Amino acid sequence: MNRSTNSTRRERCPNNNITMRTTSIIVGFLFARSLSFQLPVSLSRRLTLLEAAPPVLSLDRLTCSHDGGNTFQVNDVSYHLPRGAKVCLVGRNGAGKSTLLKILAEKTGGEKVSFSYSGQVTSLKTVRVAMVEQEPLMPSDITVADALLGILDKNTVNQQQDTSVYGTVRRYIQASTAAAEHPEAFAAVTADMDRQQGWAVLTKAEEVATRLRVRHLQEKPLSQLSGGERKRVALAAALVQEPDVLLLDEPTNFLSLAGVQWLEELLADPALTILMVTHDRVFLDQVCDRILELDQGKLYEYVGKYADYLTAKEERLARDDAAIQSAKAKYRVELDWMRRQPQARQTKSKTRIDAFYKLEKSTKPRPRDANLLLKRSVRRLGTEILSMKDVSLAFSEKVVLKNFSYDFLPGDRICLAGSNGVGKTTFVRIMTGQQKPDSGSVDVGETIVMGVYDQLGLTVDDPEQTVLEFVVERVQMADNSEGVSTDEARRLLRKFEFPRTRWSDRLSVLSGGEKRRLQLLSVLSQRPNFLVLDEPSVDCDLDTLQAMETYLQEEYKGVLVVVSHDRLFADKVTDHLFVFQGDGEVIDFEGKLSEYATTLLDMENETPTRVSEERKTNYKEDKVKRNEQRNAIRQSKKEMDNLEKSMDKLRSQIEKQQAEIDNGADQGWSALADMTEKLNKMQAELDEKELRWMELAEIVEEAEVAI
């Protein structure tokens, strides 16, 4: 086993030298005990049991490259997945995370992969493995009810020959609808349910379908589902099977907060082994006890939570940088040796020549951390931004929005929160002009440039277009020019961490995460001053997600509207919520998503009850007044912020003017009079602004108490 060590930490880099389980156990304990943080006692005990148990999956010298060896998704790696471990697989978009999961799934009875690889994957014979892909491919002619029971073959459905417990459950569901007409058939399948313990499977299927909000879809064929619904169905189907090992690729995508919370509780089962890819750092910390990083084809394991991983990774990269510098010094010596006169080359040691080329590779710098600080000119944000007045929209009997009014202000950073299907994405479509409301008005200011990051993903007209061609086209659109050089496009590609080897690749071969990153590049290259991000963290690697947070916090100065279930991301970039409660009702909440999360979870988990007509009527009558009050408060606070900036500027000018007067005694009476008059005007203006600020502060205080 390769091990990088220093005085404070030891860590594991599982590779081709791992051959003995004992070595893995020893190094795991060295790593956990030498961390600069203290592991909780319960976690330490759990890790002790995990390391002592035989692995459920083992990788031996696994290698895969999609481009013939220029870039490796995995490169000669070995790893043992302990029984009961909760492991999060992290890495940059395109690093090979999904590839690795697909290889593991294929080797344990899953679908065949379309690419080649070498190496071995072994598992215990009794271990059942289930995988949920990032974008599940499921037969379109199968209903959701059949998919939940793992019945994905139409022939099996038609022939009624599936003797498994899942087939029995399906026959019971069918027979129960005709029990009166065919009592003998119903009695027979009921006996089969007793014999095969089918009741537990039926109960599990109903619970999972309810929790993941797909129960109402059971009679629909998969072809009629949205991408989010198909993902939830695939996740539900995997959970119904109750596997020993779950391979999950972005399991929280398209789940509500209540769905994420329920999944956290389910995955906490000590008997369940998990290897998952996720962008949700709160979910990661709740579920996982270790992190496995895939970096340039190699695996690095870290025990602990996400913050512990960041600390350990920083130390590893510092050691890598030191090793690169040391290799460069040695490389210069070896390069001089290689460059000696040609006649001497015949006597050179072949071993030393091979070592030189290996050393040359080790001097290449590692990929930089993602950085989205674009440093392009920001479009001016005018006084008129976007105003929505009494906007209503309904689809048949479903009310999406009812008499909604709001005037967007400079500096607004709003998160749209609420359960799935209550209308958040439709609200975005109304804002951006993609959906006309039934009534009301949406007025957009003349200086507003919308940038919309759609949760449906990158829109591509020509899949055969190269990455560089696509970005050049987007930059030309942003600058309204066809003569833009490719230099700006190349700069953007470097900023968004697209290696040069990817620039000439077709868009059709990019990974899901790379397409998301290219989509973000496309949106930000337009230099919007009104940015709408609909589930931006979906399929986004953690490095890019952190870079996006930094950009939105430090550089972006326009209006921001975010739809996200990612609590940490939403907390970092927004400070104001529109909470969609259903039936067209929207609450304006001053605060962060984590502050409102408990209430949201209660709303999502609440069993629907009849609300008294009196309460409904009072709420409706008071809604307009409350919205007007909240808007007034926000406008007052914005005005107070602007006043504070103006007052600070005036005070600085008054100090300078007073200093001029004090030092201008020799300038004559007329000049002093002019300077004094100017000083008095500035002081009067300051007094007026201070008085207005105090008036606003009193208005805000009274209004907040009233609400």
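Everything numeric in this text was worked out from a predicted model, so none of it was measured. (Residues numbered from 1 in each chain as written. Predicted model: local features only at pLDDT ≥ 70, side-chain atom pairs only at ≥ 80, totals over all residues. Heavy atoms only, no water.)

Quick look at the sheet that holds strand β3 (residues 55-64)
Then, number 1: Judged by pairing direction, the sheet is antiparallel, and its three strands sit side by side in the order β4-β3-β6 without closing on themselves. Because the sheet does not close on itself, it has two edges, and the strands there are β4 (74-82) and β6 (118-123). Recorded for the sheet is a direction-independent mean angle of 5 degrees between the axes of neighbouring strands.
Then, number 2: Note that β3 and β6 share five bridges and pair antiparallel. (Pairing = 2+ DSSP bridges. Helix = DSSP H or I, 4+ residues; strand = E, 2+ residues; numbered from the N terminus. Axes fitted to C-alpha atoms, helices over the stretch in contact; angles between N-to-C directions.)

A closer look at the packing of helix α6 (residues 165-176) against helix α8 (residues 198-211)
Pairs of packed helices are described in terms of their axes, by the angle between the two and the distance that separates them.
Then, number 1: Running from N to C, α6 and α8 point in directions that differ by 75 degrees, and their axes come no closer than 9 Å. Between α6 and α8, the angle falls in the class roughly perpendicular. Of α8, the residues touching α6 (which contributes Val165, Tyr166, Val169, Tyr172 and Ile173) are Gly198, Trp199, Val201 and Leu202. (Parallel < 35°, antiparallel > 145°, perpendicular 65-115°, else oblique. Contact = heavy atoms within 4.5 Å.)

Digging into the confidence of the model for the chain
Then, number 1: Residue-level pLDDT values for the chain average 78, and 76% of them are 70 or greater.
Then, number 2: Predicted confidence is poor over residues 1-38, with pLDDT under 50, and the contacts of this stretch with residues over four places away or in other chains come to 85 contacts.
Then, number 3: Every residue in residues 607-621 is under pLDDT 50, and counting partners more than four places away or in other chains gives six contacts. (pLDDT = per-residue confidence, 0-100.)

Points about the sheet that holds strand β17 (residues 530-534)
Then, number 1: Strands sit in the order β16-β17-β18-β14-β19-β20 across an open sheet of six strands; the sheet is mixed. If you trace the sheet from one side to the other, it starts and ends with β16 (450-453) and β20 (585-590), each paired once. The average undirected angle you get between the axes of adjacent strands in this sheet is 15 degrees.
Then, number 2: Relative to strand β19 (residues 576-582), strand β14 (residues 413-418) runs parallel, the two sharing five bridges. Note that in β19 the partner of glycine 418 across the bridge is phenylalanine 580.
Then, number 3: Relative to the sheet, helix α14 (residues 424-431) contacts β14, β16, β17, β18 (559-563) and β19, its axis offset from that of β14 by approximately 140 degrees.

Observations concerning the pattern of salt bridges
Then, number 1: In total, this model carries 23 salt bridges according to the counting rule given.
Then, number 2: Between lysine 313 and glutamate 293 there is a salt bridge whose closest N-O contact spans 3.2 Å. Placement of lysine 313 in helix α12 (residues 306-338) and of glutamate 293 in strand β10 (residues 290-295) is noted, with a sequence separation of 20 residues between them. Take lysine 313 and glutamate 293: they sit in the same class, and that class is buried. (Salt bridge = Lys/Arg side-chain N within 4 Å of Asp/Glu carboxyl O. Buried < 20%, exposed > 50% of the residue type's maximum accessible area, 1.4 Å probe, protein only.)

Looking at the environment of glycine 228
Then, number 1: Turning to its location among the elements, glycine 228 is positioned in helix α9 (residues 227-240).
Then, number 2: Judged by relative accessible area, glycine 228 falls into the buried class, the value being 10%.
Then, number 3: Separated by 26 residues in the primary sequence, glycine 228 and phenylalanine 254 place their C-alpha atoms 5.3 Å from one another.

A closer look at the nonpolar core
The nonpolar side chains of a soluble globular protein tend to be buried, and buried together.
Then, number 1: Counting residues in hydrophobic clusters, the biggest one holds 55 residues, and the most contacted among them are Leu212, Leu235, Leu239, Leu246, Leu248 and Leu267.
Then, number 2: In this structure, leucine 239 is in contact with Lys204, Val208, Leu212, Leu246, Trp262, Leu263 and Leu266, ignoring residues within four places of it in sequence.
Then, number 3: The next biggest cluster of nonpolar side chains, apart from the first, holds 32 residues, and it includes Phe496, Leu533, Leu545 and Tyr551. (Core = buried A, V, L, I, M, F, W, Y, C linked by side-chain atoms within 4.5 Å.)

Quick look at empty space enclosed by the protein
Then, number 1: All told, the structure shown has nine cavities of 30 Å³ or more when counted by the stated rule.
Then, number 2: Lining the second largest cavity, in full, are Thr252, Asn253, Phe254, Leu255, Val260, His279, Asp280, Glu535, Ser537, Val538, His565 and Asp566.
Then, number 3: Grouping the constituent residues of the lining of the second largest cavity by class yields four nonpolar, five polar and three charged.
Then, number 4: Mapped onto the domain boundaries, the lining of the second largest cavity takes at least three residues apiece from domain 1 (51-128 + 243-304) and domain 3 (386-594). (1 Å grid on protein atoms, 1.4 Å probe; cavity = no way out; pocket = protein on both sides within 12 Å on 5 of 7 lines; lining within 4 Å. Points joined across faces, edges and corners; volume = space filled by probe spheres on them. Nonpolar A, V, L, I, M, F, W, Y, C, P; charged D, E, K, R; others polar. Domains from an automatic or database assignment.)

Things to note about the side chain of glutamate 264
Then, number 1: Along the chain, glutamate 264 falls in helix α10 (residues 257-267).
Then, number 2: Residues in contact with glutamate 264, not counting those within four places in the same chain, are Phe283, Gln286, Val287 and Arg567.

Focus on the packing of aromatic side chains
Then, number 1: Inspection of every chain in the model, using the stated rule, returns 15 aromatic pairs.
Then, number 2: For the ring pair phenylalanine 404 and phenylalanine 578, a centre distance of 5.4 Å and an interplane angle of 75 degrees mean the geometry is edge-to-face. Taken together, the residues phenylalanine 404 in strand β13 (residues 398-407) and phenylalanine 578 in strand β19 connect sequence positions 174 residues apart.
Then, number 3: By relative accessible area, which is 1% here, phenylalanine 578 ends up buried.
Then, number 4: Judged by centre distance (6.2 Å) and plane angle (40 degrees), the ring pair of tyrosine 551 and tyrosine 556 falls under tilted. The pair formed by tyrosine 551 and tyrosine 556 is uniform in burial state, with each residue classed as buried.
Then, number 5: Clustering of aromatic rings is evident, with ring pairs tying together Phe404, Tyr406, Phe408, Phe427, Phe530, Phe578 and Phe580.
Then, number 6: Over the ring of tyrosine 300 we find arginine 316, and its NZ or CZ is 3.8 Å from the ring centre.
Then, number 7: It is arginine 517 that lies over the ring of phenylalanine 498; its NZ or CZ is 4.7 Å from the centre. (Phe/Tyr/Trp six-rings, centres within 6.5 Å; stacked < 30°, edge-to-face > 60°. Lys NZ or Arg CZ within 6 Å of the ring centre and 35° of its normal.)

Some details on unusual backbone geometry
With the exception of glycine, most residues fall at negative phi, and the peptide bonds are largely trans.
Then, number 1: Positioned with a positive phi, aspartate 76 is a non-glycine residue whose angle comes to about 60 degrees.
Then, number 2: Tracing the chain through its elements places aspartate 76 in strand β4.
Then, number 3: Of note, the phi angle at glutamate 242 is positive, near 50 degrees, even though the residue is not glycine.
Then, number 4: In this fold, glutamate 242 is placed in the loop between α9 and β8 (245-249).
Then, number 5: Glutamate 242 sits in the partly exposed class, given a relative accessible area of 46%.

As for the side chain of threonine 63
Then, number 1: Within the element layout of this structure, threonine 63 appears in strand β3.
Then, number 2: A relative accessible area of 18% places threonine 63 in the buried class.
Then, number 3: Here the side chain of threonine 63 touches aspartate 76 through a polar contact of 2.8 Å, landing on its backbone nitrogen. (Polar contact = N/O pair within 3.5 Å; in protein donor to acceptor, adjacent residues only side chain to side chain.)

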